[in-house]
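# Secondary and tertiary structure notes
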Amino acid sequence: MKTPILSNEQIKAFKNDGYVVLRGDFDADEMTRVEQWASDVETMPEETGKQWVYHEKSLTEGDKDLICRIENISPFHNGFEELTEVLKAPVGQLLGEEAALFKEKINFKMPGGDGFKPHQDSQAGWDKYAEFFISVLVCIDEATVENGCLQMVAGNHTRGLYRSWEPLTEDDMADMDFVHCPTKPGDIVFFDCYAPHASDPNTSDKTRRIYFATYNKLSEGDHLAQYYADKHENYPPDIDRLAGKDYVYRV
Ligand SMILES: O=C(O)CCC(=O)C(=O)O
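Residues numbered from 1 in each chain as written. Predicted model: local features only at pLDDT ≥ 70, side-chain atom pairs only at ≥ 80, totals over all residues. Heavy atoms only, no water.

## Some remarks on the overall build of the chain
We count it as follows: Each helix corresponds to a stretch of at least 4 residues labelled H or I by DSSP, and each strand to a stretch of at least 2 residues labelled E; elements are numbered beginning at the N terminus. All radius of gyration figures rest on C-alpha atoms, and the globule criterion is 2.2 Å times the number of residues raised to 0.38. What makes two residues a contact is simply this: any of their non-hydrogen atoms within 4.5 Å.
Helix and strand content of the chain: 4 helices and 11 strands. Rg of the C-alpha trace for the chain: 17 Å, near the compact-globule value of 18 Å for 251 residues, within the 12% margin. C-alpha extents for the chain along the principal axes are approximately 50 × 45 × 35 Å. A sequence separation of at least 24 residues applies to 83% of the contacts in the chain between residues at least 6 apart.

## Quick look at the site of the ligand
What counts here: Throughout this document, a residue counts as near a molecule or strand when at least one of its heavy atoms sits within 4 Å of that molecule or strand. Between N or O atoms, a polar contact is any pair within 3.5 Å; within protein, one atom must be a potential hydrogen donor and the other a potential acceptor, and residues adjacent in sequence are included only when both atoms are from side chains. Only the protein chains shown count as cover for residues, with accessible areas throughout obtained via the Shrake-Rupley method and a probe of 1.4 Å. Site definitions follow a grid-based scheme: protein atoms alone, a 1 Å grid, a 1.4 Å probe that fits but cannot get out for cavities, and for pockets an open set with protein on both sides within 12 Å along at least five of seven lines, plus lining residues having an atom within 4 Å of a point. Occupancy of a cavity or pocket is assigned to a molecule whenever over half of its atoms lie within 2 Å of that pocket's grid points. All residues other than Ala, Val, Leu, Ile, Met, Phe, Trp, Tyr, Cys, Pro, Asp, Glu, Lys and Arg, Gly among them, are scored as polar; the first ten of these are nonpolar and the last four charged.
Lining the immediate surroundings of the ligand are Lys105, Asn107, Lys109, Phe116, His119, Asp121, Gly148, Leu150, His197, Ser199, Arg208 and Phe212. Between the ligand and Lys105 there is a distance of 2.5 Å, counted from an oxygen atom to a side-chain nitrogen or oxygen. For the ligand, whose accessible area on its own is 290 Å², the fraction buried by protein is 97%. Structurally, the ligand is housed in the largest pocket. Looking at the shell around the ligand, the elements that each hand over two or more residues are β4 (99-107), β5 (116-119) and β10 (197-199). Its residues assigned to classes, the shell around the ligand shows 3 nonpolar, 5 polar and 4 charged.

## Re the state of the cysteines
What we call a disulfide is simply a covalent bond connecting the sulfur atoms of a pair of cysteines. What counts is decided by this rule: Note that a disulfide, as used here, is simply two cysteine sulfur atoms within 2.5 Å. Remark: exposure states derive from per-residue accessible area (1.4 Å probe, protein chains only) relative to the maximum for the residue type, with buried under 20%, exposed over 50%, and partly exposed in between.
The full count for this structure, using the stated rule, is 0 disulfides. Free of any disulfide, Cys139 has its nearest cysteine sulfur in Cys181, 9.4 Å distant. By relative accessible area, which is 7% here, Cys181 ends up buried.

## Section: the packing of aromatic side chains
What counts, and what does not: Centres within 6.5 Å are what make two rings of Phe, Tyr or Trp a pair, Trp counting through its six-membered ring; a difference in plane orientation under 30 degrees is then read as stacked, over 60 as edge-to-face, and the rest as tilted. We count a charge as sitting over a ring when the NZ of a lysine or the CZ of an arginine lies within 6 Å of the ring centre and within 35 degrees of the ring normal.
Within this structure, the stated rule accounts for 14 aromatic pairs. Ring plane angle 65° and centroid distance 5.1 Å describe the contact between Trp126 and Phe133, whose orientation is recorded as edge-to-face. Considered together, Trp126 and Phe133 belong to a single accessibility category, that of buried residues. Their ring planes at 90° and their centres at 6.3 Å tell us that Phe191 and Phe212 sit as a pair that is edge-to-face. Taken as a pair, Phe191 in strand β9 (residues 188-192) and Phe212 in strand β11 (residues 210-217) lie far apart in primary sequence, 21 residues in all. For the pair Phe191 and Phe212, one class covers both residues: buried. Among the aromatic residues, ring-to-ring pairing joins Trp52, Phe102, Trp126, Tyr129, Phe133, Tyr227 and Tyr228 into one connected group. In this structure, Lys105 is placed above the aromatic ring of Phe212, and the distance from its NZ or CZ to the ring centre is 5.4 Å.

## Examining the sheet that holds β10
Using the following cut-off: Strands were regarded as paired on the criterion that DSSP finds at least two bridges between them. The axes used here are C-alpha line fits, helices contributing only the stretch in contact, and every angle between their N-to-C directions lies in the interval 0 to 180 degrees.
Reading across the sheet, the 4 strands line up as β5-β10-β7-β8 and stay open at both edges, with antiparallel pairing between neighbours. Unpaired on one side and paired on the other, β5 and β8 (178-181) mark the two borders of the sheet. If you compare each strand with its neighbour and ignore which way they point, the axes differ by 25° on average. Both strand β7 (residues 150-153) and β8 contribute to a ladder of 4 bridges, which runs antiparallel. For Gln151, the partnering residue across the bridge sits in β8 and is His180.

## What to know about the sheet that holds strand β1 (residues 19-22)
By way of backbone hydrogen bonds, the strands of a sheet pair with one another, either parallel or antiparallel. What the 7 strands build is an open sheet, ordered β1-β9-β6-β11-β4-β3-β2; its pairing is antiparallel. Every interior strand has two partners, whereas the edge strands, β1 and β2 (52-57), have only one. Averaged over neighbouring strand pairs, the angle between their axes works out to 20° when direction is ignored. Where strand β3 (residues 65-71) and β4 come together, 3 bridges link them in antiparallel fashion.

## So, the environment of Gly155
When you line up the elements, Gly155 lands in the loop between β7 and β8. Given the relative accessible area of 34%, Gly155 is considered partly exposed. Once the C-alpha coordinates of Gly155 and Asn16 are considered, the two residues, 139 residues apart in sequence, prove to be 6.0 Å apart. Setting aside anything within four residues of it in sequence, one finds Gly155 in contact with Asn16 and Asp17.

## Let's talk about the nonpolar core
For clarity, the cut-off: Residues enter a nonpolar core if they are buried and are Ala, Val, Leu, Ile, Met, Phe, Trp, Tyr or Cys, with the set joined through side-chain atoms within 4.5 Å.
Grouped together as the largest cluster of nonpolar side chains are 38 residues, with contacts concentrated most on Phe26, Phe80, Leu83, Leu87, Ile106, Phe190 and Tyr211. No other element matches the 7 residues that helix α3 (residues 78-95) contributes to this core. With sequence-adjacent residues up to four places away left out, Phe26 is seen in contact with Met1, Lys2, Pro4, Met31, Leu83, Val86, Leu87, Val138, Gly186 and Ile188. Core analysis: the second largest hydrophobic core is formed by 16 residues, Phe133, Cys193, Tyr227 and Tyr228 among them.

Next up, the structure:
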């Protein structure tokens, strides 16, 4: 995979808007590989101590079981490890220093898969680990309005964190303008941990996979192991769940 390099205009757009979209930055050959890697990860057996697989029930097809998300992939897949490495350089350009990987996942959003309520990523308790994070989205399948592409608010990231562990309220959103951000395979989006965003359920008949990797400044520490240890306590992958215990996805 080639290393994406941001232009000065792209860096400026990120600072102004809280996100920036790079169109077609990974080419068709690179995306054929990433698409194959995502298919590999989907079929890898679910085992304790390996990649973390989360399921959901279809919103449209009765009780059909869907994969909604797979996290903690790169330790078990060389391709995604390579991807986390090449994305470090452009994130470092935005952070102004070297980046450390914090977490990564593929959101599958299969047909009938649910969307995401409006939120800031840092609302998921990330401020416990570091002050600031940047997430990078690599679009694997075309993301459209119909299949639940990302919706972003420009310019609101400068307000900082609204509050932890609760999505944004109607009051918070009174002056926010959520704009659909459709993406094609090979598009890359960088976004600030305070940039409000959301997405709708997938009402199409095709899966919409997007890869997300999140980084913090290396000078703020390497928190990946602690983040996943804490998350395993509160919201483990489905295979590690205790019978009778209620697990609630908050943000
Ligand atoms: O995959 C999506 O549609 C949005 C994902 C998102 O907002 C998140 O994972 O925080």
